[in-house]
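The lines below spell out each chain.
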Amino acid sequence: MIFHSTKTPSLKASLEEAVFNSLPSDNGLYVPEYIPKVSAQFLNNIEEKTFNEIAAEVAWTLLGDEITRAEIEEIIQRSFDFEAPVKQLGSNDFVLELFHGPSMAFKDFGARFMAALMSYFLQKSQKEIKILVATSGDTGGAVALGFYKVPGITVTILYPKGKVSEIQERQLTTLDHNVSAIEVDGNFDDCQRLVKEAFLDEDLQARFHLASANSINIARLIPQSFYYFSAYAQVKHLQKPVVFSVPSGNFGNLSAGLLAYRMGLPVEQFVASTNLNNTVPSYLESGDYDPIPSIETISNAMDVGNPSNFVRLKTFMQDDWNLITDKISGFYFDDQQTREAMRKVYDAYEYVMCPHTAVAYQGLQEYRRKNQSDFTGVFLSTAHPAKFLELVEDTLRFRIEIPERLEKLLSVEKTSLKMKPSFQDFKELLISIL
Ligand SMILES: *Cc1c(COP(=O)(O)O)cnc(C)c1O
């Protein structure tokens, strides 16, 4: 597959180039040059296939001209040793649980696949790369665990002091081997600025092969399309149109759903569910895209006022306003509504949701109120509730169970390097540790 920039279609890249460059030089985003369709036969008996079989077929349809089927299957095998089950809540509502990976959030799908893909290309070229990533929470854990012990790759993660949750911090700081964490005495923007400056620094560029693992890397987007196919396979027997509600921040998740749709997945409708950072729902209402400074909410992984994947969303829908508004509905909710949804779903089904998942649940209900048609609704659960322990317990007023994987972290010692938000310090530190 050839990829090109959303800004300059003549700016092209192979998969390998797109993965290691992360961004095209014109600051657009990489998208596939054309979107191939999966075969009708594949969709006909998709319900008989495992997650990894589905993932391999979708990946091969997209990337089969650059990587062989056997190599794709190996990359998939290495990436996904966890499930994405769909569970029923109520007569027509289903939750797609995307939190069974190592960091217990859906970003594991992207991070694991990117790590396996990079490692595959590096083996061929015998190169070594150094990944730098700034995190405000979930990305860091997924990247740290996704790249942990992957040969040829060293990972350095910057996170803002006192601004990530206890469990999130431990996911970054309790690994060793090829992963190190730097606690920056500043905010997330400082961390991001330091990483950007490092990429622009010629001296560092000459010393190391630096690479990024940020969310707009195409290698993180592609694997997110797999679970839409897999969810469809799990509800196909109901023989009703399928509606997906996606809790959205940077809109990578929803864009990946659109990619699946364009590859031939039968989807009736996508619901873009957001918190008060409602740039996209407002756009779907008015046609005007007016980014806002981000607003802090309890679903903080979605506090994004100017979603970086918005241009992909438009590109996948061929920049066609009718197509966009035909396929995507948008709703937004405040923190109180989010907490109400968490309580309501617990009372009705004894099911505990994280706040992001609750926003997706609300979006699905709102869509049902406005559309009386009979359909199967699937809302995406993007994180395990225990990752947001205090907030969830404060809302539901009881102690929730902490999975062993997270519980264990609480007894391991944290190790991080500490630093002021100064580029000179950061550069010296990198040279001494890399
Ligand atoms: C990152 C994240 C989101 C938002 O996903 P986007 O792809 O940025 O829209 C939602 N929920 C959780 C828990 C996340 O970590």
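Structure shown above.
Residues numbered from 1 in each chain as written. Predicted model: local features only at pLDDT ≥ 70, side-chain atom pairs only at ≥ 80, totals over all residues. Heavy atoms only, no water.

Participant: Would you explain the overall build of the protein in this entry?
Facilitator: In terms of regular secondary structure, the protein is built from 19 helices and 14 strands. Here the protein has a C-alpha radius of gyration of 21 Å; the compact-globule value for 434 residues is 22 Å, and the two agree. Taken along the three principal axes of its C-alpha coordinates, the protein extends 60 × 50 × 40 Å. Going through the 434 residues of the protein one by one, you find that 59% of them count as buried. Long-range contacts, defined as pairs at least 24 residues apart, comprise 74% of the intrachain contacts of the protein with a sequence gap of at least 6. For the protein, the exposed area adds up to about 18,000 Å²; of that, 46% sits on carbon and sulfur atoms. Here the protein contributes 41 positively and 56 negatively charged side chains, and the mean placements of these two sets differ by 1 Å. (Helix = DSSP H or I, 4+ residues; strand = E, 2+ residues; numbered from the N terminus. Rg over C-alpha atoms; globule rule 2.2 N^0.38 Å. Buried < 20%, exposed > 50% of the residue type's maximum accessible area, 1.4 Å probe, protein only. Contact = heavy atoms within 4.5 Å. Areas by Shrake-Rupley, 256 points an atom, 1.4 Å probe, with all protein chains shown as cover. Lys, Arg positive; Asp, Glu negative; His and termini not counted. Charge placed at Lys NZ, Arg CZ, Asp CG, Glu CD.)

Participant: When you look at helix H19 (residues 423-433) in this model, what are you seeing that I'm missing?
Facilitator: Because the α-helix completes a turn every 3.6 residues, residues three or four places apart line up on one side. Three or more residues of H19 are buried, namely Phe423, Phe426, Lys427, Leu429 and Leu430. For H19, the arc enclosing every buried residue in end-on projection is 165 degrees, short of the 170-degree limit, so these residues lie on one face. At its buried positions, H19 is contacted by strand E6 (129-134), strand E7 (153-160), strand E8 (179-184), helix H8 (188-200), helix H9 (202-207) and strand E14 (417-419). (Arc of directions from axis to C-beta.)

Participant: It is not clear to me how the sheet that holds E8 should be interpreted in this structure. Could you clarify?
Facilitator: Backbone-to-backbone hydrogen bonds join strands into a sheet, with any given pair of strands oriented parallel or antiparallel. Here we have 5 strands laid out as an open sheet, ordered E9-E6-E7-E8-E14, and parallel in their pairing. Taken across any chain shown, the strands that pair with only one partner, and hence form the sheet edges, are strand E9 (210-212) and E14. On average, each strand axis in the sheet is inclined to that of its neighbour by 30 degrees, with strand direction left out of account. Where E6 meets E7, 6 bridges bridge the pair, whose relative direction is parallel. Following the sheet pairing, Val133 is matched in E7 by Ile157. (Pairing = 2+ DSSP bridges. Axes fitted to C-alpha atoms, helices over the stretch in contact; angles between N-to-C directions.)

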